[in-house]
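Single-letter residue listing:
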Amino acid sequence: MNSIIIAVVILGGIAFVAAIVLFVCSKKFAVFEDPRIARVNELLPGANCGGCGFAGCNAMAEALVKESDKGSIEGISCPVGGAEVMSQVANLLGMTVANGEPQVAVIRCNGTCENRPRISQYVGLRTCAAMNACGAGETACGYGCLGCGDCVNACQFDALHMNEETGLPEVDENKCVTCGACVKACPRHIIELRKKGPKNRRVFVSCVNRDKGAIAMKACKSACIGCGKCAKECQFEAITIEENLSYIDFTKCRLCKKCVAICPTKAIQAVNFPLPKNTEVKKEVEA
Amino acid sequence: MKIKTFSIGGIHPDENKLTHEVPTQSAPLPTQAIFPLSQHIGAPAKPVVKKGDFVKVGTLIAEAGGFVSAPIYSSVSGIVLKIDTAIDATGYRKPAIFINVEGDEWEPSIDRTEKLELVKDHPELTPEEIVNRIKLGGVTGMGGAGFPTFIKLCPPPKAKAECVIINAVECEPYITADYRLMMEHSDEILVGLELLMKAAKVTRGYIGIEINKPAAIKLLKQKCNEVFCNSDYKVEVVPLQQRYPQGGEKQLVDAVIGRQVPAPPAIPVNVGAIVQNVGTAYAVYEAVMKHKPLIERYTTVTGKKLSKPANYLVRIGTPMLQLIDLCGGMPEDDNKVLAGGPMMGKALTSTEVPICKGTNAVTILSGDEARRRTPAPCIRCAKCVSACPMGLEPYLLAKLSAFKEWERAERNDIVSCIECGSCQFTCPAHRPLLDNIRLGKSTVMGIIKSRQIK
């Protein structure tokens, strides 16, 4: 009986001393973490995709709280949650946030099997990065899509799929959250995040070939040959030609589609427009 | 006596030296020569000619674009057609100078006689003067990598050169260009070696040759005894056991003088050795003694299905297709055309690619020889580990690269990989080891570089 009492007293004493030490330590060495960080983190989607430019959702929450103390959270946005999540975050932090226009990943290559003949056979490791390191790939175009699907593997949101018929990846507009993982994964820098556009309608140059016209044309029927017709046609100065390649600035483009009509190689594409009826196109311009 | 070789790893692929006893012929002049501006490691050369200019053989057409760079001279006479882009051995279009050939008019400064010039007859050749002439002659490593030769002769401040090793190993299957050069121009090579030793201020020289070339070993031993018997220079011909990749600088230093070069950024001169290819020694002789810049080279055109594989003395800038046609034309069916040999060569997507300073061979493999077998799962046999001449663990590096574990790959010395392909050659499961490692290596090197800039 006696030994039980002794044991209880000794253990109780140790526990009491340890409790005091722990209490003192927790007060003295406490690290203050802003409780708002945890609350912001709860609002974020938790995908840790890195699309915002930070290491993960928690890092973004920390950055948001830090910037809100400075007075503005402009420039930080969650591509996955979009405007909805950002407005919730802004409410929580007592900030206002300008809603950026929704974007979507765009594949700037139209080198389908039909447009771009295969001139050689690649037998190594089937990833775009490995093929890119070995040379121009199976076609004569040293700029276009290699078709091994590094972007498809990089997408965590199941928004990219390979079209077996064309050999090119396709973006599922409803699933794409513009995290930019595919943009980084593509060794040829074909994928670009562009404005989603009203009713998902977009006009873009579906080519990144910087070779001279004749060489580009030989490699791919649908290549941009840098002829400059589109730039002349455009009334809004949205089109620039650099290194034999046309580029449409989506902040200036008004979707009039005149460039689409005039492009001799059909390198400029218009997507999600209704079937061509002249009257409707005019309405679009007026709107 | 045990024949020397390097201490770890290595493989012995089938030699297939089809053209060993085929004497070198001069290839006819091309109708159009193409000179890519990046034929060497380092900054691309800068063109100094413009469209319509008339150039002679040996006219400077592009000057060095930086310290690590080399000038390019025209190998033909004719009119500059354009400065445009051309597909080179990397598979991409790069800036290049196109020259339409007219006649064969040489710069008068080039000595075209056969007379053998000796170092002792030219007291004006100080080490600095030799290095300068090599630099001006646009001489780069002729074994494939194409590092400007003069830089190797100016070691970094802390390193001190003790010997020059001539790389006459030619361990790569199929290629015989260096062997033919040794058999046909041994005197010039030895003068070139003497010039290299004088420039590097050393007195010891070695010539490493694999024992599958007994005639070359015998010939060079005999010539060395004649040339260097009463001289301050001590030159030794070292026969080496056949083993790939003995022609790698680090392996050769290990094999010949038994010293191990540490991991990058260390280079052979850190252990006292300057390694130069035998073709480079010949080019050095011509640049210094004959004032002839690097405009021609020995190239083997080979392949089992070619009707007449041969060795050619070819003007730099000649399109490969022309050489293939000389050897009986492109074989039928699908072929893999390589700039270089089957182990280190670069697969080409176009036969319009010109012969560059570093193109030691054009190898044509039939589709069946070149096709890879389907990879199977790794069976952990560790054959790749035994084969790696750098003492790395290829199976691990390949896995780390595939999973993008760059930091672990760096800790496991991925940058030491010399991309010899021994691991992939030996893998019984046909795994794409080198494909993955090469990707990982370039990524890790990029990471290291960006860290240094910070």
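Predicted model, so just to flag it, every value in this text is computed and none were measured.

Cut-off values and rules
Residues numbered from 1 in each chain as written. Chains lettered and ligands numbered in written order. Predicted model: local features only at pLDDT ≥ 70, side-chain atom pairs only at ≥ 80, totals over all residues. Helix = DSSP H or I, 4+ residues; strand = E, 2+ residues; numbered from the N terminus. Rg over C-alpha atoms; globule rule 2.2 N^0.38 Å. Buried ≥ 20, exposed ≤ 12 C-beta atoms within 10 Å, placed from the backbone. Contact = placed C-beta atoms within 7 Å. Domains from an automatic or database assignment. Nonpolar A, V, L, I, M, F, W, Y, C, P; charged D, E, K, R; others polar. Axes fitted to C-alpha atoms, helices over the stretch in contact; angles between N-to-C directions. Left-handed = near helix turned anticlockwise from the far one by under 90°.

**Q** Go over the overall build of chain A with me, naming the residues and quoting the values.
**A** Counting secondary structure elements, chain A contains 11 helices and eight strands. Taking 19 Å as the expected radius of gyration for a compact globule of 287 residues, we find that chain A reaches 28 Å, considerably beyond that expectation. A principal-axis box enclosing the C-alpha atoms of chain A has dimensions of 100 × 50 × 30 Å. Counting only residues that meet the buried cut, chain A has 36% of its 287 residues in that class. Of the contacts made within chain A by residues no fewer than 6 positions apart, 60% connect residues no fewer than 24 positions apart.

**Q** Give a detailed account of the overall build of chain B, specifying residues and quantitative values.
**A** Within chain B, the secondary structure is distributed over 14 helices and 17 strands. Taken over C-alpha atoms, the radius of gyration comes to 22 Å for chain B, in line with the 22 Å a tight globule of 454 residues would show. Overall, the C-alpha framework of chain B stretches about 65 × 50 × 50 Å when taken along its three principal axes. Looking at chain B as a whole, 52% of its 454 residues are labelled buried. Counting contacts in chain B only where the partners sit at least 6 residues apart, residues at least 24 apart contribute 73% of the total.

**Q** With reference to specific residues and values, describe the domain arrangement of chain B.
**A** All names here are of chain B. Parsing chain B into structural domains produces domain 1 (119-289) and domain 2 (383-453). Averaged C-alpha coordinates put domain 1 and domain 2 at centres separated by 29 Å. Counting from both sides, the interface comprises six residues of domain 1 and, opposite them, seven residues of domain 2. Class assignment of the residues belonging to the side of domain 1 that touches domain 2 gives a composition of four nonpolar, two polar and no charged.

**Q** So, the packing of helix α3 (residues 177-184) of chain B against helix α5 (residues 214-228) of chain B: which residues are in play, and what are the values?
**A** Residue and element names in this part refer to chain B. Direction vectors running N to C along α3 and α5 enclose 35°, while the axes themselves pass 9 Å from each other. Relative to α5, α3 is oriented so that their crossing is left-handed. Residues Tyr179, Met182 and Met183 of α3 pack against Ala215, Ala216, Leu219 and Leu220 of α5. Of the residues that constitute the contact of α3 with α5, the class distribution is seven nonpolar, no polar and no charged.

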